Amino acid sequence: MLSDRFLWGVSTASYQIEGAVAEDGRGRSIWDTFAHTEGRIANGDTGDVACDHYHRYAEDVELMAGLGVDAYRFSIAWPRVLPTGAGTVNHKGLDFYSRLVDGLLERGIDPVATLFHWDLPQELQDKGGWLDRDTAYRFADYAAVVADALGDRVRMWITLNEPFVHTVMGHAYGTHAPGLTLGFESFPTIHHQLLGHGLAVRALRSRTGSPISIANNYSPVVLCGETDADQAAAYAYDALHNRLFTEPLLGRGYPPGFEFPVEEGDLDIIATPIDALGVNYYNPTGVRAPQSDETGLPFETVELDGYARTDFGWPVVPDGLGDLLTRLHTDYRLPLYVTESGCSYAESPDDRRRVEYLRDHIAVLDRVRASGVDVRGYFVWSLLDNFEWAEGYAQRFGLVHVDFPTGTRTPKSSYAWYRDHIAAARLGGGEDQA
Ligand code: IFM
C-alpha cells in the first residue's frame, strides 16, 4: 500500500536516464529515431547511453535511500516491455523493472510508475502513432501486461506524462519526437491519448489496488493586457494548456471550442475515476491577444519580466505553484501530488540557485498545505542530470551531477539540502502527514 504520510520523492523518465537502447530485446522508440536524425538534438546528443541507469540502477537506488525519499517516480519504456508496441512480451525488459521495484521496496521507497513518458514504440508510430485511435487500445494492452507483472508492488500508477507537451512539441511544432509539424491537425493525438488513459485506468483498476493518476503539465496564465481580447486570449490559452487534459477526466467533457474525433462512449471511458492528479509545475505563462494573424492561434504568449531565470530561460515563480495548487484543489477536489518540480542550472557541485529554488517552492507548498489544499506529495525533477530532450545534455536538472562520459554520480549541494529538509520535515511530526 502507498504510504499514507506526505511523500517526498524524486522523478525521472526512461529515455532520459536508462541508456541500453539495444539491450535485452528492447525495441526502438520514436525517441531513438528522432535523436538519431541529424539536426534534431543539441550537439547531436542521443539517449543511447544517457545515465546508464539500466546498468547502474542499484547505485541510483542507494542515492535515493541516502536522500531518505519516500517514493520514486520513474517511467517504464513501452518498447522494453513490448518491442513492437503490441504482441510478444519481452520478459527481460519487464525483469529490469521488477528488479528496480524490488530494490526500491527493500529500501523502503514506494515505486510510482509512469506508463508513458513519450517513448512510443517506433512500430506503432509507423502505423500512425497517437494520430491513430488504435494506439489507445494498444496502450491499454500494454498497461495490462505491466500491471500483471508489477501490480503487486507498484504503489501508485501514472498513466501518461504531460500529454499536452507530447501533442504540442511532438505533433504540432515538431521539436520533440515524432517530429511532426501538424499544427491544429495534431489534435486527434489529444483525444487518443486521453482515450488511452481511460482504457489504461480500467486495465489497471481490474488488476491492482494501487491509486491511479495522470501527470499533467500545468501553467498558471498571467494576463498581459487590459482589453477584452486579451482576456479572451488568456481564457483560450488556459483551456488548452490547463483544462483540456483535466476536465474530461472528471466527466466534465472537453472545454467548448475544441473538435475531436469522439466516438460514442469515449467520454465515459476517459472519465473512468482516478484517485489523484499529478501536477508538473515549472512556470506560469504570460498571454495576450494575438498581435497578428500569423499563427492562427487565438492567443500569443509573452515573456514574463521581472523574474530570475533558470539556465533554460524559464522564469522562477514559486508563488505560481501555490496559485496552481489552490486552483486545482478548488476546481477539481482531487488529491494532488506535485509529480515534477525543479530547475535547470549547470552549476555543480555547489548548486546554490537550485537550493534556493527548492527552498522557495517548498515554502509555498507548505503554505498552501497549511491553508487546507490537499497535496500529498512533492517529487523533485530530477534525481540525476539527464537527457533533456531537444536540449540533449545541455540542461542539467539533477540533484546529482552525472559526468556523462564516465557515468560518475556526484551529489550536489541541493541533494544534501533536500535530504536534510526531508529529515527535518519528518521530525516536525504532524505537519508531515498527507
Ligand atoms: O525533462 C522534462 C520531463 O521529461 C517532463 N517535464 C519537464 C522536464 C523538464 O523539461
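Conventions and cut-offs
- Residues numbered from 1 in each chain as written.
- Predicted model: local features only at pLDDT ≥ 70, side-chain atom pairs only at ≥ 80, totals over all residues.
- Heavy atoms only, no water.
- Helix = DSSP H or I, 4+ residues; strand = E, 2+ residues; numbered from the N terminus.
- Rg over C-alpha atoms; globule rule 2.2 N^0.38 Å.
- Buried < 20%, exposed > 50% of the residue type's maximum accessible area, 1.4 Å probe, protein only.
- Contact = heavy atoms within 4.5 Å.
- Areas by Shrake-Rupley, 256 points an atom, 1.4 Å probe, with all protein chains shown as cover.
- Lys, Arg positive; Asp, Glu negative; His and termini not counted.
- Charge placed at Lys NZ, Arg CZ, Asp CG, Glu CD.
- 1 Å grid on protein atoms, 1.4 Å probe; cavity = no way out; pocket = protein on both sides within 12 Å on 5 of 7 lines; lining within 4 Å.
- Points joined across faces, edges and corners; volume = space filled by probe spheres on them.
- Nonpolar A, V, L, I, M, F, W, Y, C, P; charged D, E, K, R; others polar.
- Near = heavy atom within 4 Å.
- Polar contact = N/O pair within 3.5 Å; in protein donor to acceptor, adjacent residues only side chain to side chain.
- Pairing = 2+ DSSP bridges.
- Phe/Tyr/Trp six-rings, centres within 6.5 Å; stacked < 30°, edge-to-face > 60°.
- Disulfide = S-S within 2.5 Å.
- Axes fitted to C-alpha atoms, helices over the stretch in contact; angles between N-to-C directions.
- Salt bridge = Lys/Arg side-chain N within 4 Å of Asp/Glu carboxyl O.
- Expected span 1.5 Å × (residues − 1).

Draft legend 1. Here's a closer look at the overall build of the protein. Secondary structure summary: the protein contains 14 helices and 13 strands in total. Over its C-alpha trace the protein gives a radius of gyration of 20 Å, about what one expects of a compact globule, namely 22 Å for 434 residues. Sorting the 434 residues of the protein into buried and exposed places 60% on the buried side. Sequence separation of 24 or more characterises 76% of the internal contacts of the protein that already satisfy a separation of 6 or more. Summing over all exposed atoms, the protein offers an accessible surface of approximately 16000 Å²; the carbon and sulfur share of this is 50%. Separation between the mean location of the 36 positive side-chain charges and that of the 62 negative ones in the protein comes to 5 Å.

Draft legend 2. Main features of empty space enclosed by the protein. Taken as a whole and judged by the stated rule, the model has one cavity of 30 Å³ or more. The volume enclosed by the largest cavity comes to roughly 30 Å³. Lining the largest cavity are Thr12, Ala13, Ser14, Ile17, Glu18, His53, Tyr72, Phe74, Ser75, Phe96, Tyr97 and Leu100. When contributions to the lining of the largest cavity are tallied by element, the ones reaching two or more residues are α1 (14–17), β2 (71–75) and α5 (91–106). Its residues assigned to classes, the lining of the largest cavity shows seven nonpolar, four polar and one charged.

Draft legend 3. Quick peek at the site of the ligand. If you check the shell around the ligand, you find Gln16, His117, Trp118, Asn161, Glu162, Tyr282, Trp314, Glu340, Trp381, Glu388, Trp389 and Phe397 and nothing else. In the environment of the ligand, an oxygen atom lies 2.8 Å from a nitrogen or oxygen atom belonging to the side chain of His117. When isolated, the ligand has an accessible area of 280 Å², and the protein chains bury 95% of it. Split into classes, the residues belonging to the shell around the ligand amount to six nonpolar, three polar and three charged.

Draft legend 4. Seen up close, the pairing of strand β3 (residues 110–116). For β3, a buried count of seven out of seven residues is recorded, marking the element as mostly surrounded by other parts of the structure. Summarising the sheet, β2 and β3 pair through five bridges and their orientation is parallel. From the neighbouring strand, Phe74 faces β3, where its bridge partner is Ala113. Pairing geometry for β3 and strand β4 (residues 156–161), over four bridges, is parallel. By the bridge assignment for β4, Val112 is matched with Met156.

Draft legend 5. Seen up close, the layout of surface pockets. Quantified by volume, the second largest pocket comes out at close to 270 Å³. Taken together, 20 residues line the second largest pocket, and the ones lying closest to its centre are Met1, Leu2, Ser3, Arg155 and Pro211. By residue class, the composition of the lining of the second largest pocket is nine nonpolar, four polar and seven charged.

Draft legend 6. Representation of the packing of aromatic side chains. For the structure on display, the rule yields 38 aromatic pairs. Ring geometry for Tyr57 and Phe96: centres 5.6 Å apart, planes at 90°, overall edge-to-face. Highlighted residues: Tyr57 in helix α3 (residues 53–67) and Phe96 in helix α5, separated in sequence by 39 residues. Here the aromatic rings of Tyr282 and Trp314 are separated by 5.4 Å at their centres, their planes lie at 70°, and the arrangement is edge-to-face. Of this pair, Tyr282 sits in the loop between β7 (277–281) and β8 (285–288) while Trp314 sits in the loop between β9 (300–302) and α12 (318–332), and the two are 32 residues apart along the sequence.

Draft legend 7. Inspection of the state of the cysteines at higher detail. By the definition in use, this model includes zero disulfides. No disulfide involves Cys343; its nearest neighbouring cysteine sulfur is the one of Cys51, lying 16 Å away.

Draft legend 8. Representation of the sheet that holds β8 in the model. Spatial ordering of the open sheet is given by β6-β8-β9, a layout of three strands whose pairing is mixed. Where the open sheet ends on each side, the last strands, each with one partner, are β6 (221–223) and β9. Neighbour-to-neighbour, the strand axes of the sheet open up by a mean angle of 45°, direction not taken into account. Pairing geometry for β6 and β8, over three bridges, is parallel. Paired with Leu223 across the bridge in β8 is Val287. The strands that helix α10 (residues 228–243) touches are β6, β8 and β9; relative to β6, the one it contacts most, it runs at about 175°.

Draft legend 9. Broad picture of the environment of Asp331. Looking at the element boundaries, Asp331 is found in helix α12. Taking the relative accessible area as the measure of exposure, Asp331 reaches 32% and is therefore partly exposed. Along the backbone, Asp331 and Gly170 are 161 residues apart, and their C-alpha atoms lie at a distance of 29 Å.

Draft legend 10. Examining the pattern of salt bridges more closely. Within the structure shown, the criterion is met by 32 salt bridges. Residue Asp32 pairs with Arg26 through a salt bridge whose shortest N-O separation is 2.9 Å. For Arg26, a relative accessible area of 9% corresponds to the buried category. With a shortest N-O distance of 3.0 Å, Arg73 and Glu340 are connected by a salt bridge.

Draft legend 11. Inspection of the side chain of His53 at higher detail. Note on placement: His53 falls in helix α3. Reaching out from His53, the side chain makes a polar contact with the side chain of Asp60 at a distance of 2.8 Å.

Draft legend 12. Examining helix α13 (residues 352–370) more closely. Under the 1.5 Å per step criterion, the end-to-end length of α13 is 27 Å for 19 residues, consistent within 8% with the ideal 27 Å. Listed as buried for α13 are Arg354, Val355, Tyr357, Leu358, His361, Ile362, Val364, Leu365, Val368 and Arg369. For α13, the elements touching its buried residues are β1 (7–11), β7, α12, β10 (336–341), β11 (375–381) and α14 (413–427). Note on α13: the residue one or two positions beyond its end, Gly372, has a positive phi of about 105°.

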